[in-house]
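# Coordinate inspection notes
Below are the chains, spelled out letter by letter.
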Amino acid sequence: MTALQVQFDATIGHGDRIEPRDWMPEGYRKTLVRQIAQHAHSEIIGMQPEGNWIGRAPSLRRKAILLAKVQDEAGHGLYLYSACETLGVSRGELTEMLIEGRQKYSSIFNYPTLSYADVGTIGWLVDGAAICNQVPLCRTSYGPYGRAMIRICKEESFHQRQGYELLMTMMRGTDEQRAMVQESVDRFWWPALMMFGPPDDESPNSAQSMAWGIKRNGNDELRQRFVDMTVPQAKALGVTLPDPDLVWDEERGAHDFGQPDWSEFVQVVKGNGPCNAQRIAHRRAAHEDGAWVRDAALAFAEGASA
Amino acid sequence: MTDHPRGEWPLYEVFVRGKRGLNHVHVGSLHAADDEMAVRHARDVYTRRNEGVSIWVVRADAVTASSPDEKDPLFAPSGDKVYRHPTFYDIPDDVPHM
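Now for a look at the structure at hand. Everything numeric in this text was worked out from a predicted model, so none of it was measured. (Residues numbered from 1 in each chain as written. Chains lettered and ligands numbered in written order. Predicted model: local features only at pLDDT ≥ 70, side-chain atom pairs only at ≥ 80, totals over all residues. Heavy atoms only, no water.)

### As for the nonpolar core
Of all hydrophobic cores here, the largest spans 82 residues; its most connected members are A:Tyr28, A:Ile36, A:Trp124, A:Tyr142 and A:Phe226. Here this core takes 10 residues from helix H7 (residues 143–171) of chain A, the largest share from any one element. (Core = buried A, V, L, I, M, F, W, Y, C linked by side-chain atoms within 4.5 Å. Buried < 20%, exposed > 50% of the residue type's maximum accessible area, 1.4 Å probe, protein only. Helix = DSSP H or I, 4+ residues; strand = E, 2+ residues; numbered from the N terminus.)

### Notes on the pattern of salt bridges
Residues and elements named next belong to chain A. Counting across every chain of the model gives 24 salt bridges over all chains. Salt-bridge contacts for Asp 127 lead to Lys 69; the nearest nitrogen and oxygen are separated by 2.7 Å. Of this pair, Asp 127 sits in helix H6 (residues 117–134) while Lys 69 sits in helix H4 (residues 60–85); the two residues are 58 residues apart in sequence, bridging distant segments of the chain. There is no split in this pair, since Asp 127 and Lys 69 are both buried. Linking Asp 118 and Arg 187 is a salt bridge whose minimum nitrogen-to-oxygen distance equals 2.9 Å. One end of the pair, Asp 118, is in helix H6; the other, Arg 187, is in helix H8 (residues 175–194), with 69 residues separating them in the sequence. Residue Arg 187 is classed as partly exposed on the basis of its relative accessible area of 23%. (Salt bridge = Lys/Arg side-chain N within 4 Å of Asp/Glu carboxyl O.)

### So, the packing of helix H5 (residues 91–99) of chain A against helix H12 (residues 276–289) of chain A
Residues and elements named next belong to chain A. Running from N to C, H5 and H12 cross one another at 145°; their axes reach a closest spacing of 9 Å. Seen along the crossing, H5 lies across H12 with a hand that is left-handed. Of the residues in H12, those touching H5 at Thr 95, Leu 98 and Ile 99 are Ile 280, Arg 283, Arg 284 and His 287. Partitioning the contact of H5 with H12 into residue classes produces three nonpolar, two polar and two charged. (Axes fitted to C-alpha atoms, helices over the stretch in contact; angles between N-to-C directions. Left-handed = near helix turned anticlockwise from the far one by under 90°. Contact = heavy atoms within 4.5 Å. Nonpolar A, V, L, I, M, F, W, Y, C, P; charged D, E, K, R; others polar.)

### Some details on the interface of chain B and chain A
Facing the 27 residues of chain B at the interface are 28 residues of chain A. Regarding the contact of chain B and chain A, the summed buried area is about 2300 Å², with carbon and sulfur atoms giving 47% of it. There are four salt bridges connecting chain B and chain A. Its salt-bridge partner being A:Asp72, residue B:Arg49 comes within 2.5 Å of it at the nearest N-O pair. Taken together, the connections running from chain B to chain A amount to 12 residue pairs in polar contact (both at pLDDT 80 or more). At the level of secondary structure, the elements contributing two or more residues to the side of chain B that touches chain A comprise strand E2 (24–31) and helix H1 (35–46) of chain B. (Buried area = accessible area lost by both parts, 1.4 Å probe. Polar contact = N/O pair within 3.5 Å; in protein donor to acceptor, adjacent residues only side chain to side chain.)

### As for the packing of aromatic side chains
Evaluated as defined, the whole model comprises 10 aromatic pairs over all chains. Relative to A:Tyr164, the ring of A:Trp124 has its centre 5.8 Å away and its plane inclined at 65°; by these criteria the two rings are edge-to-face. A residue pair is termed long-range when its members are at least 10 positions apart, and A:Trp124 in helix H6 and A:Tyr164 in helix H7 qualify at 40 residues. Taking the relative accessible area as the measure of exposure, A:Trp124 reaches 1% and is therefore buried. Between B:Phe88 and B:Tyr89 the ring centres are 4.9 Å apart and the planes differ by 85°, which places this aromatic pair in the edge-to-face class. Ring-pair connections join several aromatic residues into one group, and the members of that group are A:Phe8, A:Trp23, A:Tyr28 and A:Trp212. (Phe/Tyr/Trp six-rings, centres within 6.5 Å; stacked < 30°, edge-to-face > 60°.)

### Some remarks on the sheet that holds strand E1 (residues 11–17) of chain B
Residue and element names in this part refer to chain B. Spatial ordering of the open sheet is given by E2-E1-E3, a layout of three strands whose pairing is antiparallel. The open sheet terminates on both sides in strands that have one partner only, identified here as E2 and strand E3 (54–59). Pairwise comparison of adjacent strand axes, ignoring direction, gives a mean angle of 25° for this sheet. Looking at chain direction, E1 and E2 are connected through seven bridges and run antiparallel. Note on E2: the bridge partner recorded for Glu 13 is Ser 29. Of the strands in this sheet, E1, E2 and E3 are in contact with H1, which crosses E2 at around 110°. (Pairing = 2+ DSSP bridges.)

### Quick notes on the environment of B:Trp56
All names here are of chain B. Structurally, Trp 56 can be placed in strand E3. Distance from Trp 56 to Asp 35, taken between C-alpha atoms, is 9.8 Å for residues 21 residues apart in sequence. If near-sequence neighbours (up to four positions away) are discounted, Trp 56 is found in contact with Glu 13, Val 14, Phe 15 and His 24.

### Topic: the layout of surface pockets
Computed from the structure, the second largest pocket encloses a volume of approximately 1200 Å³. Lining the second largest pocket are 33 residues, and of these A:Leu78, A:Arg91, A:Arg283, A:Arg294 and B:Trp9 lie nearest its centre. Going through the elements one at a time, helix H3 (47–51), H4, H5, H12 and helix H13 (291–305) of chain A together with E2 and H1 of chain B are the ones with two or more residues in the lining of the second largest pocket. By residue class, the composition of the lining of the second largest pocket is 11 nonpolar, 12 polar and 10 charged. (1 Å grid on protein atoms, 1.4 Å probe; cavity = no way out; pocket = protein on both sides within 12 Å on 5 of 7 lines; lining within 4 Å. Points joined across faces, edges and corners; volume = space filled by probe spheres on them.)

This is the structure in structure tokens:
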């Protein structure tokens with residue numbers, strides 16, 4: 001073992017952070033690039049399902065909230081891209097890898113937003129699940145990633161609360177509005193559970209990521225935490241979570257619950273979800289249609305400094 | 001200035017003064033075509049919720065750093081100068097305001 005490796009292991013062993021100019025094993029760097037890029041892409045692609053409703057939000061207040069939220073997602077993507085770039089990949093490379101399908105993003109954003117209630121459900125369940133995943137990542141072993149996560153987590157609470165408040169408002173409305181909320185929760189519950197990734201014994205990279213301190217908790221542990229958090233929130237809201245196996249287990253002091261359809265998860269990750277093609281086509285078009293703006297700004301800057 | 005792979009905008013490091021009386025602190029980085037755009041982008045990316053009263057941006061390629069490693073012999077000389085710290089000096093407990 002080299003002296004560099006010994007020093008790296010000691011830093012991780014002490015619970016200290018690795019910083020960009022430290023030596024690191026190539027596998028550590030690659031794992032981080034993959035995970036941070038996937039996280040950044042999720043924030044950027046995640047603007048689309050909700051952006052879908054900005055023009056049709058029912059009031060100026062709701063429109064302003066949704067705009068602010070989608071702008072936050074863009075900001076979160078940018079924090080994460082900048083963290084990822086400290087590992088020696090360029091922004092352009094990352095964007096290319098996304099639109100060429102060589103890097104992934106969270107499968108949740110490949111589901112459509114069919115009703116306005118989905119804006120609330122995404123805030124409550126999808127951002128709620130994201131918070132469960134992200135809070136432990138504030139202590140991840142790579143400094144820039146942890147610092148980006150701290151900024152993101154501070155803003156994520158607004159996202160979850162605006163979603164829950166939106167649903168509460170609809171639940172106080174008409175029978176038709178209550179039915180819209182329930183229908184939306186029924187569609188998003190299982191995909192939200194899938195956000196934690198496959199069960200630990202089928203998650204190929206988990207053990208190494210835990211050893212490196214990149215991940216701090218297993219997928220199943222975080223999924224359990226999310227279910228336990230969400231059940232009382234669903235009760236307060238007055239909606240049913242669509243899982244017949246969901247019961248409180250007195251002995252474990254936790255909820256038992258059913259498994260999502262993991263074959264559906266695999267299909268969506270492989271690119272065969274309801275919106276995969278649409279999401280990437282939209283991102284590619286935005287990138288390509290913006291090329292002249294990037295070139296013009298650069299040409300202007302070079303002219304001004306000449 | 002013309003050496004940008006794939007026509008990418010240069011990288012800037014961003015520093016924000018949280019409020020009067022505090023130092024500017026590094027908060028992250030971003031890409032911009034020029035200095036003015038970097039300040040504007042920094043406002044949108046890093047101060048959406050009153051996080052700052054002042055922003056500095058500097059081209060990342062203009063930063064000179066101590067060494068390729070955070071744990072650095074450059075800082076070793078300060079390690080053996082314990083007399084720079086107040087705790088180096090023994091003062092009797094009954095001497096006030098020391």
